[in-house]
Amino acid sequence: QVQLVESGGGLVQAGGSLRLSCAASGRTFSYSAMGWFRQAPGKERECVSAITPSGGYTYYSDSVKGRFTISRDNAKNTVFLQMNSLKPDDTAVYYCAQRNYYNGLLSRQSDYNYWGQGTQVTVSS
C-alpha cells in the first residue's frame, strides 16, 4: 500500500514562490510515474505537471509552463513542485498522485492509483 503526504503549501503574495513536497511510502516509488494536480473551488481537478520514474521526461500544463518545475529524488521517495511567479489563479488545493510501475507521462486523474490528501496554496493579489 502506498501513502502520499504533501507539504509546503501556504499563503504567498503574487509573484512569490513555494516548493511543494510529496513523500511516498513503500518500495515502488522509483518505478512509478508521478503527477501534481490542483483543484480550485468550483473547478475540476487538473494536472499541472507530471514526471517519469527516472525524472528524464516531464510534462507541464500551459498554465504553469515556464513557472513551475517538477523534480524527484528516488533515494528519498519524494517528488517536488517548485512554483515561481505565482499568480492568484494558482490558488487551489494541490495533490500529488502515483501510478505504480509505469514508465511514461500521465495527465489524467484516472491514470493514477494513489493520491495524497492535498495541500492548500493561496496566492494573494
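Bear in mind that the values here come from a model prediction, so they are computed numbers and not experimental data.

Participant: So what exactly am I meant to see when it comes to the environment of Thr 58 here?
Facilitator: Along the chain, Thr 58 falls in strand E6 (residues 58-60). Residue classification places Thr 58 among the partly exposed positions, given a relative accessible area of 36%. Taking the C-alpha atoms as reference points, Thr 58 and Thr 69, separated by 11 residues in sequence, lie 8.9 Å from one another. Those residues in contact with Thr 58 that sit more than four places away from it in its chain are Ala 50, Ile 51, Ile 70 and Leu 105.

Participant: Honestly, the sheet that holds strand E1 (residues 4-7) in this entry has me stumped. Any pointers?
Facilitator: Note on sheets: strands pair through backbone hydrogen bonds, and any given pair is parallel or antiparallel. With antiparallel pairing, 4 strands are arranged side by side in an open sheet as E1-E3-E8-E7. Where the open sheet ends on each side, the last strands, each with one partner, are E1 and strand E7 (68-73). Put simply, the sheet's adjacent strands are angled 15° from each other on average, direction ignored. Judged from the 6 bridges that link them, strand E3 (residues 18-24) and strand E8 (residues 78-83) form a sheet pairing that is antiparallel. Each residue of the ladder has a partner; that of Leu 20, found in E8, is Leu 81.

Participant: Is there a simple way to explain the pattern of salt bridges in this structure?
Facilitator: Side chains that differ in charge, positive against negative, can pair when their charged atoms come close. According to the stated counting rule, one finds 5 salt bridges in the structure shown. For the salt bridge of Arg 38 with Asp 90, the shortest nitrogen-to-oxygen distance reads 2.9 Å. Of the two residues, Arg 38 sits in strand E4 (residues 33-39) while Asp 90 sits in the loop between E8 and strand E9 (92-99), which places them 52 residues apart along the sequence. Side by side, Arg 38 and Asp 90 carry an identical accessibility label, which is buried.

Participant: Mind showing me how you'd approach the environment of Gly 8 here?
Facilitator: Take Gly 8: it is sitting in the loop between E1 and strand E2 (10-13). Note on Gly 8: relative accessible area 34%, which makes it partly exposed. Linking Gly 8 and Gln 120, residues 112 residues apart in sequence, is a C-alpha distance of 8.7 Å. Apart from the residues lying within four places of it in its own chain, the contact partners of Gly 8 are Leu 18, Arg 19, Leu 20 and Thr 119.

Participant: Please clarify how the nonpolar core should be interpreted in this entry.
Facilitator: Most often, soluble globular proteins keep nonpolar side chains buried together rather than apart. Core analysis: the largest hydrophobic core is formed by 26 residues, its most contacted members being Trp 36, Val 79, Leu 81, Met 83 and Tyr 94. Looking at this core, the elements that each hand over two or more residues are E3, E4, strand E5 (46-51), E7, E8, E9 and strand E11 (119-124). In terms of residue count, E3 provides more of this core than any other element does, 4 residues in total. Leaving out residues up to four positions away in the same chain, Val 79 has contacts with Leu 20, Ser 21, Cys 22, Phe 29, Met 34, Trp 36, Ile 51, Ile 70, Ser 71 and Arg 72.

About the criteria used
Residues numbered from 1 in each chain as written. Predicted model: local features only at pLDDT ≥ 70, side-chain atom pairs only at ≥ 80, totals over all residues. Heavy atoms only, no water. Helix = DSSP H or I, 4+ residues; strand = E, 2+ residues; numbered from the N terminus. Buried < 20%, exposed > 50% of the residue type's maximum accessible area, 1.4 Å probe, protein only. Contact = heavy atoms within 4.5 Å. Pairing = 2+ DSSP bridges. Axes fitted to C-alpha atoms, helices over the stretch in contact; angles between N-to-C directions. Salt bridge = Lys/Arg side-chain N within 4 Å of Asp/Glu carboxyl O. Core = buried A, V, L, I, M, F, W, Y, C linked by side-chain atoms within 4.5 Å.

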